[in-house]
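# Coordinate inspection notes
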Amino acid sequence: MAAPALVIATANPGKIRELDALLAELGISLKTLADYPECPEVVEDGDTFKANAAKKALAVAAYTGLPALADDSGLEVDALSGRPGVLSARYASDRTAPARPTDEDNYRKLLEELAEIPWEQRRARFVCCIVLAFPKGRTIVTKGTCEGIINFTPRGTGGFGYDPVFWLPQYNCTMAEVGLEVKNQISHRAKALQQLKTTLAELLGREPSLFQPAKSIGT
Ligand code: ITT
């Protein structure tokens with residue numbers, strides 16, 4: 001039997017880096033969407049992280065014939081009633097510039113919106129929903145959150161997305177300054193994946209055939 005495999009169903013290189021490190025110890029061959037250049041793009045039009053993650057994971061599992069792991073995540077800011085939420089990746093986009101904004105565009109817009117908000121009211125959390133889907137439609141769902149405060153200015157070059165403005169009081173620095181090893185112990189993604197890893201390890205032992213290709217691409 002070939003090595004067990006699964007597809008990480010994300011096009012975000014920051015997520016891939018973190019998920020790669022978090023899954024390394026399981027001994028699974030990790031594929032990404034770069035291995036399936038013809039895989040149709042999934043439109044993320046769900047109202048919840050779970051709906052978007054399930055849509056991505058199910059579509060990629062059906063296309064590739066392998067289990068697919070999708071992560072839908074974002075930032076919820078209390079002073080903005082939970083925005084940008086599921087729209088975090090597209091927060092700074094507007095009709096005149098429909099291209100996907102950069103991470104810096106997004107966090108600069110957030111800093112502008114919060115400019116008048118005092119420190120005590122800048123609480124926020126990263127949320128991550130992970131869905132592991134199998135080609136026949138079975139899914140396993142886990143969720144993780146990470147609490148913090150939106151800083152007044154960006155700091156640090158690590159991580160991705162809103163990390164430079166996400167202040168971690170317990171480390172006295174931003175998420176972009178703690179380094180990958182610490183981020184992968186405390187992040188929303190790490191917490192969601194930790195729960196999934198227990199189930200994944202069990203399944204790998206009990207039903208290894210689930211991690212072999214179920215059919216050829218796109219059929
Ligand atoms: P895929 O759909 O291909 O996975 P995406 O970047 O479009 O990639 P999402 O729709 O889940 O992913 O949007 C997630 C956005 O939330 C991401 O672009 C960041 O702006 C933010 N985000 C998520 N996790 C983050 C993290 O760990 N650190 C900083 N920002 C994060």
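Just above, that's the structure.
To keep things clear, this report deals only with the structure shown in the data block. Remember, predicted model here, so these are calculated numbers, not experimental data.

Neighbouring the ligand are 21 residues; Thr10, Glu44, Lys56, Arg100 and Asp163 lie closest to it. Within the contact set of the ligand, an oxygen atom lies 2.6 Å away from a side-chain nitrogen or oxygen of Thr10. Between an oxygen atom of the ligand and a side-chain N or O atom of Lys56, the distance comes to 2.7 Å. Within the complex, 95% of the 610 Å² of free accessible area of the ligand lies under protein. Sorting the residues of the shell around the ligand by element identifies strand 3 (68-77) and helix 5 (188-206) as the ones contributing at least two each. A per-element tally of the shell around the ligand places strand 3 first, with four residues. Split by residue class, the shell around the ligand holds five nonpolar, seven polar and nine charged.

Quick look at the pattern of salt bridges now. Taken as a whole, this structure holds 19 salt bridges when the rule is applied. Where Arg123 meets Glu147, a salt bridge forms, and the shortest distance between an N and an O atom there is 3.4 Å. With Arg123 in strand 4 (residues 123-133) and Glu147 in strand 5 (residues 139-150), the pair connects residues that are 24 residues apart, well separated along the chain. Using a relative accessible area of 36% as the deciding quantity, one classes Glu147 as partly exposed. Between Arg206 and Glu207 there is a salt bridge whose closest N-O contact spans 3.8 Å. The class of Glu207 is partly exposed, set by a relative accessible area of 28%.

In this section: the side chain of Thr64. Examined against the element boundaries, Thr64 turns out to sit in helix 2 (residues 49-64). Thr64 gets classed as buried once you look at its relative accessible area, which sits at 3%. Within the structure, the side chain of Thr64 is placed 2.8 Å from the backbone oxygen of Val60, a separation counted as a polar contact. Reaching out from Thr64, the side chain makes a polar contact with the backbone nitrogen of Leu66 at a distance of 3.2 Å.

All right, on to helix 3 (residues 103-113) then. Helical geometry: 3.6 residues make up each α-helical turn, so side chains three or four residues apart lie on a common side. Those residues of helix 3 not exposed but buried are Asn106, Tyr107, Leu110 and Leu111. When helix 3 is viewed along its axis, its buried side chains cluster within an angular range of 135° and face the same direction. Close packing links the buried residues of helix 3 with strand 3 and strand 5.

The rules we used
- Residues numbered from 1 in each chain as written.
- Predicted model: local features only at pLDDT ≥ 70, side-chain atom pairs only at ≥ 80, totals over all residues.
- Heavy atoms only, no water.
- Near = heavy atom within 4 Å.
- Polar contact = N/O pair within 3.5 Å; in protein donor to acceptor, adjacent residues only side chain to side chain.
- Areas by Shrake-Rupley, 256 points an atom, 1.4 Å probe, with all protein chains shown as cover.
- Helix = DSSP H or I, 4+ residues; strand = E, 2+ residues; numbered from the N terminus.
- Nonpolar A, V, L, I, M, F, W, Y, C, P; charged D, E, K, R; others polar.
- Salt bridge = Lys/Arg side-chain N within 4 Å of Asp/Glu carboxyl O.
- Buried < 20%, exposed > 50% of the residue type's maximum accessible area, 1.4 Å probe, protein only.
- Arc of directions from axis to C-beta.
- Contact = heavy atoms within 4.5 Å.

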